Amino acid sequence: MLNDILKYTGLFIVLLAIQVLLMNNIQFSGYVNPYVYILFILLLPFEIPSWLVLLFSFATGLVIDVSSGTLGLHTAATVFAGFSRPWVLKLIAPHDGYETGDLPGIKTYGFRWFISYIIIITLLHHFALFYLEVFRFDYFFRTLLRVISSSGFTVLFIIIIQALIVRR
Amino acid sequence: MISLLNFLKKYGNVLLFLLLEAIAIYLLTVKPDYHKIQITRIVNASASVLQERLNLASDYFVLNEINQQLRKENTELKNRLERVYNTESLQTFEATDSIYRQKYVYVQARVVNNSVNKQKNYITLDKGKLEGISEDMAVIGPDGIVGLVVEAGKNYSVAMSALNLDFRLSARLSKNNYFGSLKWEGVDVNTMVLNEIPHHVSVEQGDTVETTGYSAYFPEGVMVGTVKAFNEGGGDFYDIDVELSTGFEKLNNVYVVINLEKNDQIEVEQKINTEQRR
């Protein structure tokens, strides 16, 4: 238990650092804004209660908001992603369900399961995030394009980070 | 009691979700005020220190570029000076009296934080109230417009970047002085859109666009950019894409423009407005 707490705290700090020091500095265009910190919510154990996921999402979003000066924005989007997580998990559950004690990852249920899991949640999160950021419907299709392209980069980076860090 | 517990068991998560979303949306919609920036600043202090160190380090890598920029600016200023003295000697009635009626004061500032990848980008400057900076002052760079100060702290201030969906500026074509409204559409870091120029005005690719100085914030004739493309949008006006002269990704040295006559101008304009309302 204590080991788990330490492990997830470490993961949280690493993801926060990657997000704030690297990802937020990709000042390339509005179409490339990866938000990899949601990997923290994605990697929480299967059997963790939904309310705890919500609280973790809230805390994660708030920390990101405070460190990037956008109070409320990431919080709202991450809580939304955390809320949808149990449904997404149910939607893509393997035939014989999840085994207790398993952790979400490429190794547990295969690459296809993992990639659809990340893609769905990333899209939901980015959708909420980018539309809340613009906060108007003038730029509907442009924002949609930004959601899709940024989600692509987020998924790419998440797979890389997952491969590099999470194993340890 | 049991039914209440059952209800909570069934819908507790939804309720918690709604509660947390409500808090987030509340945080999102309250106007970012000075205290909030301060709080963010304090919590963020370690990150800022790190950021400044990084800036300091990366400054060295662009020293050459900055030097070149400053040299160019110096030459331009010297040329302008030359022009001023020439007008003075040739046509005395057009003399620019630079001592008794100074209109603008420029304060040099350094960009310590900047973004271009959001829809509402802001720039943090390392000068604040102590240097005379306050809200609604224009920020310009060596190459052209940069933004408008929206919050001023003691030692730091935050400016709304021109790359912000809420930014509006009146700008004109420098060759014929037709003016329109300039805004950013949130896509290209190098392009803003100039509206409200009527169809009968001749526009060509490469035309210079500059500020009008109709607002009390921006001085007249600050470079905005050049016309990249234009099309006859709906109605009677062109949609003109303006290629910005300022490179927002590598902002470093900027000037905050203090307009000494701003209050005067606003006061007079307000007087007219209230008189008309009567």
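Here the structure is a predicted model, which means the values were calculated and not measured. (Residues numbered from 1 in each chain as written. Chains lettered and ligands numbered in written order. Predicted model: local features only at pLDDT ≥ 70, side-chain atom pairs only at ≥ 80, totals over all residues.)

1. Some words on the sheet that holds strand β11 (residues 237-244) of chain B
Residues and elements named next belong to chain B.
- Ordered in space as β6-β7-β8-β11-β10-β9, the six strands form a closed barrel in which the pairing is antiparallel. Here the strands of the sheet are splayed against their neighbours by 40° on average, with no regard to which way each runs.
- Summarising the sheet, strand β6 (residues 168-173) and strand β7 (residues 179-183) pair through five bridges and their orientation is antiparallel. Paired with L169 across the bridge in β7 is L182. (Pairing = 2+ DSSP bridges. Helix = DSSP H or I, 4+ residues; strand = E, 2+ residues; numbered from the N terminus. Axes fitted to C-alpha atoms, helices over the stretch in contact; angles between N-to-C directions.)

2. Concerning the domain arrangement of chain B
- As assigned here, chain B comprises domain 1 (1-30) and domain 2 (105-278).
- For domain 1 of chain B and domain 2 of chain B, the distance between their C-alpha centres works out to 43 Å. (Domains from an automatic or database assignment.)

3. A closer look at the interface of chain A and chain B
- The interface is formed by 28 residues belonging to chain A together with 24 residues belonging to chain B.
- It is helix α3 (residues 50-68) of chain A that provides the largest number of residues to the side of chain A that touches chain B, a total of seven residues.
- When its residues are assigned to classes, the side of chain A that touches chain B shows 16 nonpolar, ten polar and two charged. (Contact = placed C-beta atoms within 7 Å. Nonpolar A, V, L, I, M, F, W, Y, C, P; charged D, E, K, R; others polar.)

4. Comments concerning the packing of α3(A) against helix α1 (residues 2-29) of chain B
- At a minimum axis separation of 9 Å, α3(A) and α1(B) run at an interaxial angle of 10°. When the interaxial angle is binned, α3(A) and α1(B) end up roughly parallel. Facing α3(A), whose interface residues are A:S50, A:W51, A:L54, A:F58 and A:G61, α1(B) presents B:G12, B:N13, B:L16, B:F17, B:L20 and B:A24.
- Looking at the contact of α3(A) with α1(B) residue by residue, the class counts come to seven nonpolar, four polar and no charged. (Parallel < 35°, antiparallel > 145°, perpendicular 65-115°, else oblique.)

5. Here we look at α1(B)
Residues and elements named next belong to chain B.
- Over its 28 residues, α1 extends 38 Å from the first C-alpha to the last, a length consistent with the 40 Å expected when each residue adds 1.5 Å.
- Of all the bends found along α1, the most pronounced is centred on Y11 and spans about 65°.
- Turning to α1, its buried residues number three or more, namely F17, L20 and A24. (Expected span 1.5 Å × (residues − 1). Bend = angle between axes of the 7 residues up to and from the residue. Buried ≥ 20, exposed ≤ 12 C-beta atoms within 10 Å, placed from the backbone.)

6. Quick word on the packing of α3(A) against helix α4 (residues 73-91) of chain A
All names here are of chain A.
- Where α3 meets α4, the axes come as close as 7 Å, and the angle between the chain directions of the two elements is 155°. Compared by their axis directions, α3 and α4 come out roughly antiparallel. For the pair α3 and α4, the sense of crossing is right-handed. Taking contact as the criterion, the partners of S50, V53, L54, F56, S57, F58, T60, G61, L62, I64 and D65 in α3 are, on α4, L73, H74, T75, A77, T78, V79, A81, G82, F83, R85 and P86.
- When grouped by side-chain class, the residues that make up the contact of α3 with α4 number twelve nonpolar, eight polar and two charged. (Left-handed = near helix turned anticlockwise from the far one by under 90°.)

7. Regarding the nonpolar core
- Core analysis: the largest hydrophobic core is formed by 42 residues, its most contacted members being B:V139 and B:V242.
- The dominant element in this core, judged by the number of residues it contributes, is strand β4 (residues 144-152) of chain B, at five residues.
- Ranked by size, the runner-up nonpolar core spans 35 residues in total, among them A:L42, A:F58, A:V134 and A:V147. (Core = buried A, V, L, I, M, F, W, Y, C linked by C-beta atoms within 7 Å.)

8. A look at the sheet that holds strand β1 (residues 104-114) of chain B
Residues and elements named next belong to chain B.
- As summarised here, the arrangement of the six strands in space is β1-β2-β5-β4-β3-β12, forming a closed barrel in which the pairing is antiparallel. Going from strand to strand, the sheet's axes swing by 45° on average, the running direction of each strand aside.
- When β1 meets strand β2 (residues 120-125), the two strands line up antiparallel, connected through three bridges. Looking across to β2, one finds that N114 is bridged to I123.

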